[in-house]
Amino acid sequence: MLFSIATPTFNCLSQLKSCVGSVRRQQGVEVEHLVQDGGSTDGTPAWLAAQTGLKAVSERDAGMYDAINRAWARGRGDVFAWLNADEQYLPGTLAHVASVFDQHPEIDMLFGDTLIVNHDGRLLAARREIPLRAWYVKNGFLYALSCSLFFRSRLVQKGWLKFDTSYRLAGDFDLMLRLLAQGARCRHVSRYYALFGITGDNLSMNPRMEQEGEEIKRRNQDRKSVV
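Residues numbered from 1 in each chain as written. Predicted model: local features only at pLDDT ≥ 70, side-chain atom pairs only at ≥ 80, totals over all residues. Heavy atoms only, no water.

### Topic: the overall build of the protein chain
Along its length, the protein chain carries 8 helices and 9 strands. Its C-alpha radius of gyration of 17 Å places the protein chain within 12% of the 17 Å reference for a compact globule of 227 residues. Counting over 227 residues, the protein chain shows a buried share of 51%. Within the structure as shown, the protein chain displays about 10,700 Å² of accessible surface, and the carbon and sulfur contribution to it stands at 48%. Positive and negative charge centroids in the protein chain, built from 28 and 25 side chains respectively, lie 4 Å apart. (Helix = DSSP H or I, 4+ residues; strand = E, 2+ residues; numbered from the N terminus. Rg over C-alpha atoms; globule rule 2.2 N^0.38 Å. Buried < 20%, exposed > 50% of the residue type's maximum accessible area, 1.4 Å probe, protein only. Areas by Shrake-Rupley, 256 points an atom, 1.4 Å probe, with all protein chains shown as cover. Lys, Arg positive; Asp, Glu negative; His and termini not counted. Charge placed at Lys NZ, Arg CZ, Asp CG, Glu CD.)

Dropping the structure here:
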């Protein structure tokens, strides 16, 4: 099973190195790591050019969601995901995801639990999630964190797995509600899959996040979802 992992990045080389390392340490699966750099000026392009085993592009883009779309467009995997530069996979994550997809051919996407850490790697919280339900998301928040989300390639083939780049902060919120409305079947796995880093610069902390989220909720109120 081939994994296509997209990583959007811009001027965060030290964090990117840890992110790339966490993908390289995955065992038992084939991985193509699609790093999409937005034209960094901190040495990222030179570092990427010196790496082996990465499929990296450095070019200007229209933001994080555009960068992920561009990376996914280059993917050829059976499973797609995105891992931001300030996030890391835990050991054994991708092998476990592959086994769950093998055991459940009916599901289109899955997500696991996430460890929240600070910039020094100190554990802040261990988030254990509940099964994904569109009604909960529409009336609350997206609790399936992106670093622990994985999608089958058939969602790409259907044209469903693509971000609306008009959103700058809450595109994942919109994407997941659209996938659920289109009938994508999701499974939650009670296993910690990734580290999510609180850096102080996370998009979720931007004051405009709530405004975008409310707009997405209004757009999705009339969409009927399978779950």
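Now, onward.
### As for the packing of aromatic side chains
For the structure shown, the criterion picks out 11 aromatic pairs. Taken together, a centroid distance of 4.8 Å and an interplanar angle of 35° make the contact between Tyr65 and Phe163 tilted. In this pair, Tyr65 is assigned in helix α3 (residues 64-73) and Phe163 in the loop between α6 (153-157) and α7 (171-181), connecting sequence segments 98 residues apart. When sorted by exposure, Tyr65 lands in the same class as Phe163, which is buried. (Phe/Tyr/Trp six-rings, centres within 6.5 Å; stacked < 30°, edge-to-face > 60°.)

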